[in-house]
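Remarks on the overall topology
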Amino acid sequence: MSTAPSLTSMAKSAGCAAKIAQADLAQALAHLPKADDPNLLVDHAGSDDAAVYQLSAELALVETVDIFPPIVDDPFDYGRIAAANALSDIYAMGAKPISALSFVSWPIEVLGVDQLGAVLKGAASICSKAGISIAGGHSIVDKEPKFGLFVTGVVHPDKIIDNTGVKEGDYLVLTKKIGTGVLTTAAKRGYLTSSRLDEAILSMTTLNNTAASVMIDNNIDSATDVTGFGLLGHLGNMLKASSITNQKKLGAKLFYSQIPLFKGVGDLLDKGLCPSGTERNLKTAAPLTTFSADISHNFQLLLADAQTSGGLLMSVPKARLKTLLTDLKKNSVVPCAVIGQVIETKEPGQIQVES
């Protein structure tokens, strides 16, 4: 009796590392006509986490979709991670999820239906924690397995937390460790036991709902979640979008020693275990990023590591920082690291990384 291949062996890339490079995506999106619907409050133009459509003076829909190939071999965990990752965009916008649809492409003849059922069960378990159901979806047969969710949320139009509210002097707060791309790539290539992934899986299956609730209570104006474009990519999007909105050239200074990392990721990079998506991210970020001389190339890669279901990155005014950190810790959102500060720079989106 033949044994079905592992999930990750059937995927070219793991999780959000499968994303198209930012530069290529921007070039493709340039073909979309500019939206002229006044009710479309947030669209793709600002590279934000989700689209927002206003239905009334007090209600707006928040819509997002996230789909990726297997990041782990356990199908139940794969479904959980994919669901948490998709829901994260809703939380990053300060919204409440209300429903989800699933999308799956699956090599039925190779993997069968039982593993697909486990993926769906895992996703449903996370959606249940978020207080929503998977109401339906779409499926196709494909050689490479892929799974994800379309998620709809709601928010008051005046309470949207987007990526345009960054102000000079704000502090940057991150709520999850960095390094899931390196860890899952190492596991996929056989360099890491499944138990070494436990901490990363716990992180990737932890919803950002609690962090988002604290963020909303503290009236934070701007945030994003850190996923496939890495910390540098998503921070860069925030800075560029806010520069346009505020008509000021905003950048950031990051302190490498303050950025929370998963244990052992540096050693894995020394062995060449780097996702291709991470390398693409660093190449994209390089023109607007400067590193102090003591930050090695591998350390630079970590800041560009393609995350899956990463944490929230908030831009926090100094006056609210202490209370925010206290509330995050009180609600067991750990880490909640202050990793840098927003500064004025010569070009929008410039990032300086110091040790």
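Every chain's residues receive numbers from 1 upward, in the order its sequence appears when written. In keeping with the model being predicted, local features are shown solely for residues with a pLDDT of at least 70 and side-chain atom pairs are shown and tallied solely at 80 or more, while totals for entire chains, interfaces and linings include all residues. Note: side-chain values were computed over all heavy atoms of the structure, leaving out hydrogens and water.

Take a side-chain nitrogen of Lys or Arg and a carboxyl oxygen of Asp or Glu: if they are within 4 Å of each other, that pair is a salt bridge. The final tally for this structure, using the stated rule, is 7 salt bridges. Notably, a salt bridge pairs E168 with K248, separated by 2.5 Å at the nearest N-O pair. One end of the pair, E168, is in the loop between β6 (146-155) and β7 (171-174); the other, K248, is in the loop between α8 (230-246) and β9 (250-255), with 80 residues separating them in the sequence. With a shortest N-O distance of 3.7 Å, K253 and E354 are connected by a salt bridge. Of this pair, K253 sits in strand β9 while E354 sits in strand β13 (residues 351-354), and the two are 101 residues apart along the sequence. When accessible area is computed with a 1.4 Å probe and restricted to protein chains, residues below 20% of their type maximum are described as buried, those above 50% as exposed, and intermediate ones as partly exposed. Given a relative accessible area of 31%, E354 falls into the partly exposed group. Residues participating in the shared-partner salt-bridge network are D142, E144 and K146. By the criteria applied, helices consist of DSSP H or I runs no shorter than four residues and strands consist of E runs no shorter than two, each listed in order from the N terminus.

What follows concerns the nonpolar core. Within soluble globular proteins, side chains that are nonpolar tend to cluster in buried spots. One finds L231, L254, L313, M314, L328 and I339 to be the most contacted residues of the largest nonpolar core, which totals 98 residues. In terms of residue count, the dominant contributor to this core is helix α2 (residues 75-92) (10 residues). Ignoring any residue separated from it by four or fewer positions in sequence, one finds L231 in contact with I178, V226, L254, I259, L303, D305, L313 and I339. Put simply, a nonpolar core is a bunch of buried Ala, Val, Leu, Ile, Met, Phe, Trp, Tyr and Cys residues held in one set by side-chain atoms that sit within 4.5 Å of each other. The contact rule is simple, with two residues in contact once any of their heavy atoms fall within 4.5 Å.

In this model, V334 is joined to P335 through a cis peptide bond whose omega is 5°. Within the element layout of this structure, P335 appears in the loop between α12 (318-330) and β12 (337-344). Within the chain, N219 stands out as a residue other than glycine whose phi angle is a positive 55°. Within the secondary structure, N219 sits in the loop between α7 (209-217) and β8 (222-225). A positive phi angle is found at S309, which is not glycine, with a value near 50°. Along the polypeptide, S309 turns up in the loop between α11 (297-303) and β11 (312-316).

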